[in-house]
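# Reading the structure
So you can see what is in the structure, the chains are spelled out below.
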Amino acid sequence: MEIPYVVDERSDTGLTNVKLGIWLFLASEVMLFGALFSTYVLLRINAVEWPLGANILSVPIGAFNTIVLISSSVTMVLCYAALKLNNLSGYKKYMGITIGLSLLFLFVKSYEYADKFSHGDFPSKSTFLAIYFTLTGLHALHIVAGVIVNGYFLGPGSKLWHTNKTQFINRIEAAGLYWHFVDLVWIFLFPVLYLL
Amino acid sequence: MSENAEHVREHIKLYWKIGGALLVLTVITVAVSYLNVSVFLAIVIALVIAATKGSLVASYFMHLIGERKAIYAALALTAFFFMVLLLIPILGHTNTFGEHKTIPNAHAPVARHAETH
């Protein structure tokens with residue numbers, strides 16, 4: 001039996017399965033990160049002293065990673081636009097850049113972590129470091145997941161383009177929505193952890 | 001088809017502009033953090049800029065402008081529960097702001113300060 005609403009929009013919501021599914025997934029992700037942001041606020045307002053993030057973390061490195069992630073969001077949306085223009089090579093170019101920028105983000109993040117660990121700054125050292133590693137670690141895991149998904153759509157997953165273009169475009173739109181959400185989370189993480 | 005393609009090309013120009021605006025706002029975020037203002041004001045400024053950037057990403061990159069009502073309904077519900085999640089723990093502790101709590105791993109300067117009491 002064929003699964004309905006794969007490429008056709010549902011008559012009740014006006015959405016395809018993938019569109020509705022990815023937004024509901026992102027709603028659950030909002031609650032996941034929301035719980036941790038709530039934890040951060042709770043820890044901070046109950047602390048007598050709270051360190052200034054800039055005194056512990058490197059603001060230039062954090063800002064650089066922010067620029068990297070925003071740039072990857074731009075290239076991700078350009079992937080979608082390229083497919084809309086029936087341009088598979090353009091899609092592959094921008095998807096390759098997106099993955100490259102994602103890996104650069106992870107490389108810089110791992111450098112930051114290694115630097116912290118080399119100075120004995122582990123999560124167990126302070127509440128600030130505990131919440132810093134928890135929030136950024138969870139975010140980094142989301143980046144890794146995004147790289148795997150995008151890597152699949154750049155490689156074997158792109159074969160779908162030749163058999164069902166609409167379905168492939170819908171999949172890339174869903175992958176893009178996830179990636180922009182990951183970018184959006186970092187947009188809040190950067191000032192909260194590094195600047196305040 | 002060509003009209004549709006022209007529409008997509010206009011969107012591409014917009015994406016580049018939004019990307020540029022996000023980068024400029026990132027620079028402003030960092031620059032503002034060097035201003036000599038109170039912690040409260042610094043938090044307000046940083047969060048306003050972050051919210052502006054987030055709105056740009058959600059509205060244009062995630063195409064929330066012109067999205068279906070079902071998505072708006074799901075997001076409205078999410079936003080409500082997000083605020084509950086964020087505010088309930090805070091409102092439950094308004095009488096203890098600034099007082100030390102026994103928090104796991106909080107044994108740096110904060111814990112030493114608390115031991116003197």
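None of these values were measured; they are calculated from a predicted model. (Residues numbered from 1 in each chain as written. Chains lettered and ligands numbered in written order. Predicted model: local features only at pLDDT ≥ 70, side-chain atom pairs only at ≥ 80, totals over all residues.)

Moving on: the overall build of chain A. The helix and strand inventory of chain A stands at seven helices and zero strands. Going from the N terminus to the C terminus, chain A shows its helices and strands as α-α-α-α-α-α-α. Dimensions along the principal axes, computed over C-alpha positions, put chain A at roughly 60 × 35 × 25 Å. Of the contacts made within chain A by residues no fewer than 6 positions apart, 77% connect residues no fewer than 24 positions apart. (Helix = DSSP H or I, 4+ residues; strand = E, 2+ residues; numbered from the N terminus. Contact = placed C-beta atoms within 7 Å.)

Check the secondary structure of chain B and you find four helices and zero strands. In chain B, the succession of helices and strands from N to C terminus is α-α-α-α. Considering chain B as a whole, with its 117 residues, one finds that 15% of them fall into the buried category. (Buried ≥ 20, exposed ≤ 12 C-beta atoms within 10 Å, placed from the backbone.)

Residue and element names in this part refer to chain A. Here helix H5 (residues 127–154) crosses helix H7 (residues 165–195) at 160°, and the two axes come no closer than 10 Å. The pairing of H5 with H7 is recorded here as roughly antiparallel in orientation. H7 is crossed by H5, and the crossing has left-handed handedness. Along the contact surface, H5 presents Tyr-132, Leu-135, Thr-136, His-139, His-142, Ile-143, Gly-146, Val-149, Asn-150 and Phe-153, while H7 presents Arg-171, Ile-172, Ala-175, Tyr-178, Trp-179, Val-182, Val-185, Trp-186, Leu-189 and Leu-193. (Axes fitted to C-alpha atoms, helices over the stretch in contact; angles between N-to-C directions. Parallel < 35°, antiparallel > 145°, perpendicular 65-115°, else oblique. Left-handed = near helix turned anticlockwise from the far one by under 90°.)

Looking now at the packing of H7(A) against helix H2 (residues 39–61) of chain B. Packing of H7(A) against H2(B) brings their axes to within 9 Å, and their N-to-C directions diverge by 175°. On the basis of the axis angle, H7(A) is roughly antiparallel to H2(B). Taken together, the residues of H2(B) that come into contact with H7(A) (itself represented by A:His180, A:Asp183, A:Leu184, A:Ile187, A:Phe188, A:Pro191 and A:Leu195) are B:Ala46, B:Ala50, B:Lys53, B:Gly54, B:Val57, B:Ala58 and B:Phe61.

What follows concerns the environment of A:Leu26. Residue and element names in this part refer to chain A. Mapped onto the elements, Leu-26 comes out in helix H1 (residues 17–45). Of the residues examined, Leu-26 has 21 C-beta atoms within 10 Å and is grouped as buried. A C-alpha to C-alpha distance of 22 Å links Leu-26 and Asp-8, two positions 18 residues apart in sequence. If we ignore the near neighbours within four places in the chain, the residues touching Leu-26 are Leu-177 and Phe-181.

A few words on the interface of chain A and chain B. Accessible area lost on assembly of the parts is the figure often given for the size of an interface. Counting from both sides, the interface comprises 49 residues of chain A and, opposite them, 49 residues of chain B. For the side of chain A that touches chain B, the elements supplying multiple residues, two or more each, are H1, helix H3 (59–84), H5 and H7 of chain A. By residue number, the principal contributor to the side of chain A that touches chain B is H1(A), which donates 14 residues. Of the residues assigned to the side of chain A that touches chain B, the class counts are 34 nonpolar, eleven polar and four charged. (Nonpolar A, V, L, I, M, F, W, Y, C, P; charged D, E, K, R; others polar.)

So, on to H1(A). End to end, H1(A) covers 42 Å across 29 residues, agreeing with the expected 42 Å (1.5 Å per residue, within 8%). Taken together, the buried residues of H1(A) touch H5 and H7 of chain A together with helix H3 (69–91) of chain B. (Expected span 1.5 Å × (residues − 1).)

Glancing now at the confidence of the model for chain A. Of the residues in chain A, 100% reach a pLDDT of 70 or more, and the chain-wide mean stands at 95. Confidence, expressed as mean pLDDT per element, reaches its minimum in chain A at helix H2 (residues 53–56) of chain A with 92 and its maximum at helix H4 (residues 88–118) of chain A with 98. (pLDDT = per-residue confidence, 0-100.)

The next thing to look at is H3(A). Look at H3(A): 38 Å from first C-alpha to last across 26 residues, which is about the 38 Å you get at 1.5 Å a residue. Positive phi appears at A:Asn86, one or two residues downstream of H3(A), with a value of about 65°.

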